[in-house]
Amino acid sequence: MPTTHILGFPRIGARRELKLALESFWRGDSTATQLYSVGADLRRQHWQWQLDAGLDLLTVGDFAWYDQVLETAVHLGAIPARFGHDAAKLDLAAFFELARGNAHQPALELTKWFDTNYHYLKPEFDDASRFDGGVRWWIDATADAARLGRPVKTVLVGPLSLLYLANYRGTGDVLGLLPRLIPAYRRLLAELAEAGASWVQLDEPILALDLPKVWLDALAPTYRALQGAGPRLLLATYFGGVEQHAELLKSLAVDGLHLDLVRAPQQLAALVADWPVDKILSAGVIDGRNIWRTDLDAALDCLTPVQRQLGDALWLAPSCSLLHVPVDLAAEQRLDGELQSWLAFARQKLDELRLLKRGLELGRIAVHAQLAGQRAALESRRHSPRCHNPAVAARLTAIQPADWQRTLPYAERAVQQRERLQLPLLPTTTIGSFPQTAAIRSARAAHKRGELDVPTYRSAMQAEIRHAIERQQVLGLDMLVHGEAERNDMVEYFGEQLAGYAFTDFGWVQSYGSRCVKPPVLFGDVARPEPMTVEWSMYAQSQTQLPVKGMLTGPVTMLQWAFVRDDLPRSTVATQIALAIRDEVVDLEAAGIAAIQIDEPAFREGLPLKRAEWEAYLDWAVRVFRLASSGVAANCQIHTHMCYSEFNDILPAIAALDADVITIETSRSAMALLDGFASFAYPNEIGPGVYDIHSPRVPSVDEMLVLLRRAASVIPAERLWVNPDCGLKTRGWPEVEAALAAMVSAARRLRAELGEEFKVGKVLKSLESDALIQAVAGGVGQVGEQEHIEPFGNQHPGCTCH
Ligand SMILES: Nc1nc2c(c(=O)[nH]1)N[C@@H](CNc1ccc(C(=O)N[C@@H](CCC(=O)N[C@@H](CCC(=O)N[C@@H](CCC(=O)O)C(=O)O)C(=O)O)C(=O)O)cc1)CN2
Ligand SMILES: [Zn+2]
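Residues numbered from 1 in each chain as written. Chains lettered and ligands numbered in written order. Predicted model: local features only at pLDDT ≥ 70, side-chain atom pairs only at ≥ 80, totals over all residues. Heavy atoms only, no water.

As annotated in an unreviewed UniProt entry, the chain is 5-methyltetrahydropteroyltriglutamate--homocysteine methyltransferase from Parachitinimonas caeni. Of the chain, the UniProt comment under Function (unreviewed entry) reads exactly: "Catalyzes the transfer of a methyl group from 5-methyltetrahydrofolate to homocysteine resulting in methionine formation." Under the UniProt heading Pathway (unreviewed entry), the entry covering the chain gives this text: "Amino-acid biosynthesis; L-methionine biosynthesis via de novo pathway; L-methionine from L-homocysteine (MetE route): step 1/1." (UniProt positions renumbered as here; feature names shortened; annotations may be inferred.)

Shown next, in the form of structure tokens:
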């Protein structure tokens, strides 16, 4: 009889209960006791759903207050000394200082979790790191779950992944921490066993990467050293295949191994061959990263011979934690019945596990009615005219190489653009969004509920645009943006307007901490029924003489941050999106917009985890960007923006995008990135971010000046732009104005140093920016806290536009 389990359940709550409770606690509107009780309720609910679906193990340790990687570290006792807290006495308020920073210390670094849109916090280790035991949250939760009468499995990030994913600030080698870390894991494992865990799942997702040999060599001794500490151990791999380590894994001192058979079905053969009799094999056959209903016939076909071979040693699971999918399809009101029948969210995936188990245990006949229903749904999806648009297919086949080529090379375009735009040396700009205030979000919510009609909503958003334009002019920025007030999210907003995408009401997925995204469902051929942004951009441009950038999301990001159909190659879907964006770019140009930014923050995230697959990806990713951006004349300036990533290893591909300007997140790496751009001799214009927008701290003119001078020493000043790291939507207005004023001032000083005549904006001679800084900086800008949580109504302090 196969054992069913999950690697983890989404913790945010079907109605984002955790988000609301966290933000309320952070604002000081509720107590730690209230927050603990929301957490306990959510865990209980998630276990109940697992019980209801007949899962054989209850999973614990998937619930985290902020992030499971940091929380593994604080269970072991590892807390960066700079915070001055005692791990064993860490309360929630102190814990959130690690995650969000405090008045004196910046938060831990937030980084992408493999190729997902989830962000984890990098634990910080150094040579003095101690692992003497810390919080007991998962130990207590294990005891709670154990009382429900079903065997319990607790999840931890495994020791090698924990070290690999951490920021190590010591002098030696991070693997040198293992002798101290292993006893800490042993102690935690023993405590979990005592609290009632039968199993502990140790996640080692790094095994799906191209791992350096020293790390692979450390695997066997590490797990040998953990053996016998308490519960049985399940080593979980996901996001890629581990067949290259098949022999190592089969002989590892663990009781079981989990494989991601959705991402890497081919690895099964190598692993089941000579499968050891003393280990279980957990087959991850239900997609934990996407929301399509599983083809259970295919899964049963694949699993039946494995079950014949392994008997009860075969376990069934989703491919990875369900953290990456929304909670409950049943909550959706607006998805029509047909679309719903194609989908499965986390709760529905629990039911699929139950069905699979019954099918394997009792034969297909026992579940034949459910299988027939499933089959009919899949069949309807395969043949639905909603998914196939012949006009889109025809357009794809008609694409010519000239379509992904600008009409002139960059050097000639730059001359025309300079002529048209009349920008000063070191032009200042921002990345697109301005604060999404509570007022904006509640106007949108009211509009969605039907309480605010279209004209009223539109004029509210136009007022926001006017406000953003006015502030930018006062600040003295050179190239303006409209501020993106009308957008709920940079992907969802476009998805809502494109044919082929459906959107959900409650399909929230945690992105980091309390922040969530609602990835649109890309189910069919993509087309653009009508212009999406032109009216807003024209309105913004009508308010100023300065150039306003059009603002679009690029094809790779539109793909990467959606739930994408699995019946076409990703490259084909991205090409369809690119054509829709191309039409929008052309329409913006026709409307008189002189610069258009096509954001690709997920360009790096889409890179395959294994290097062997990079080239194929980069090839189509570059092509679709060029297809989207090449429909305009040479004097139309194409910008792109990237953030959150390590770019040095893909610079040739970034150059091949042939954007006229790229604005890029750099400030957190103190511009180290620029060295890469310089040594690669990046040919076009670059705006390296001069300050970190993840913190409310207002940077000083001098520190930005240092960064800018450094940038100007490696990139010719004529090709340098001045901008923040990323959009400002999560920030508040006071800190935004103070920071931008300082940024403009820094740019002006460097211009003066470089002997450039000080040029004044065409419309408004702004306040002298240093005076402005004095005026707005008062009271804002501590180090630390990553997120601005919008307090109450007052959305535009100091502004008279409303
Ligand atoms: N898709 C995507 N992925 C991304 C990013 C991104 O911007 N988009 N950026 C990076 C991650 N960073 C992120 C930064 C901020 C947020 C973020 O602010 N998310 C918001 C939700 C944004 C949103 O869609 N808001 C909607 C819905 C807002 C909402 O909750 N409305 C309330 C009502 C509000 C009210 O009445 O005042 C409700 O419906 O209950 C809107 O503005 O319309 C949040 O969690 O709070 C998410 C990710 C990487 N991945
Ligand atoms: Zn960004």
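A. Representation of the UniProt feature "binding site: L-homocysteine" (unreviewed entry) in the chain. Listed under "binding site: L-homocysteine" (unreviewed entry) in the UniProt record, and renumbered for this structure, are Ile431, Gly432, Ser433, Glu484 and Asp599. Separation in sequence by 169 residues is not matched in space for these annotated residues, since their most distant C-alpha atoms are only 12.8 Å apart. With respect to the helices, strands and loops of the structure, Gly432 is situated in the loop between α16 (410–421) and α17 (438–448). In contact with Gly432, other than residues within four places in its own chain, are Val481, Gly483, Glu484 and Met551. On the secondary structure map, Asp599 appears in strand β19 (residues 595–599). Beyond its immediate sequence surroundings of up to four residues, Asp599 is in contact with Ile431, Met490, Met551, Leu552, Thr553, Gly554, Thr557, Thr640 and His641. (Helix = DSSP H or I, 4+ residues; strand = E, 2+ residues; numbered from the N terminus. Contact = heavy atoms within 4.5 Å.)

B. Seen up close, the sheet that holds strand β12 (residues 314–318). Spatially, eight strands are ordered β1-β12-β11-β10-β9-β8-β6-β2 in an open sheet, and the strand pairing comes out parallel. The open sheet has two edge strands with one neighbour each: β1 (3–4) and β2 (58–60). Of the strand pairs in this sheet, strand β8 (residues 197–203) and strand β9 (residues 232–236) are connected by five bridges, and their pairing is parallel. If you follow Leu202 over to β9, its bridge partner there is Leu235. (Pairing = 2+ DSSP bridges.)

C. Looking closely at helix α18 (residues 454–475). For α18, which comprises 22 residues, the first-to-last C-alpha distance of 31 Å matches the rise-based estimate of 32 Å (1.5 Å per residue) to within 8%. Among the residues trailing α18, Gly476 stands out with phi positive, at a value near 90 degrees. (Expected span 1.5 Å × (residues − 1).)

D. Representation of empty space enclosed by the protein within the structure. Going through the model one piece at a time under the given rule, you end up with nine cavities of 30 Å³ or more. Approximately 170 Å³ is the volume found for the largest cavity. Leu7, Gln68, Val155, Asp203 and Ser321 are, among the 19 residues lining the largest cavity, the residues nearest its centre. Of all elements in the fold, only α3 (68–76) and β6 (152–157) reach the threshold of two or more residues within the lining of the largest cavity. Of all the elements, β6 adds the most residues to the lining of the largest cavity, at three residues. Residues that form the lining of the largest cavity fall into these classes: 10 nonpolar, six polar and three charged. (1 Å grid on protein atoms, 1.4 Å probe; cavity = no way out; pocket = protein on both sides within 12 Å on 5 of 7 lines; lining within 4 Å. Points joined across faces, edges and corners; volume = space filled by probe spheres on them. Nonpolar A, V, L, I, M, F, W, Y, C, P; charged D, E, K, R; others polar.)

E. Structural context of the site of ligand 1. Around ligand 1 sit 24 residues, and of these Lys19, Arg441, Arg444, Asp489 and Lys729 come closest. About the coverage of ligand 1: the protein hides 81% of its 990 Å² of free accessible area. Of all the secondary-structure elements, those providing two or more residues to the shell around ligand 1 are α17, β14 (509–512) and β15 (515–517). Its residues placed into classes, the shell around ligand 1 shows eight nonpolar, seven polar and nine charged. Counting contributing residues, the shell around ligand 1 receives three or more from each of domain 1 (3–383) and domain 2 (410–777). (Near = heavy atom within 4 Å. Areas by Shrake-Rupley, 256 points an atom, 1.4 Å probe, with all protein chains shown as cover. Domains from an automatic or database assignment.)

F. Representation of the domain arrangement of the chain in the model. Domain boundaries in the chain define domain 1 (3–383) and domain 2 (410–777). The centre of domain 1, based on its C-alpha atoms, is set 34 Å off from the matching centre of domain 2. Each partner contributes residues to the interface: domain 1 has 44 residues there, and domain 2 has 32 residues. Across the interface of domain 1 and domain 2, roughly 3,500 Å² is buried in total on both sides, 57% from carbon and sulfur atoms. Its largest share of buried area at the contact with domain 2, domain 1 owes to Asn117, Trp292 and Arg334, together 16% of the area lost on that side. Seen at the junction of domain 1 and domain 2, the total is three salt bridges. Note that Arg381 is salt-bridged to Asp566, the shortest N-O span being 2.6 Å. Across the domain 1-domain 2 interface, the total number found is 16 residue pairs in polar contact (both at pLDDT 80 or more). Among the secondary structure elements, those contributing two or more residues to the side of domain 1 that touches domain 2 are α1 (17–27) and β3 (110–112). Counting residues per element, the side of domain 1 that touches domain 2 draws most heavily on α1, at four residues. Across the side of domain 1 that touches domain 2, the residue classes tally to 22 nonpolar, nine polar and 13 charged. (Buried area = accessible area lost by both parts, 1.4 Å probe. Salt bridge = Lys/Arg side-chain N within 4 Å of Asp/Glu carboxyl O. Polar contact = N/O pair within 3.5 Å; in protein donor to acceptor, adjacent residues only side chain to side chain.)

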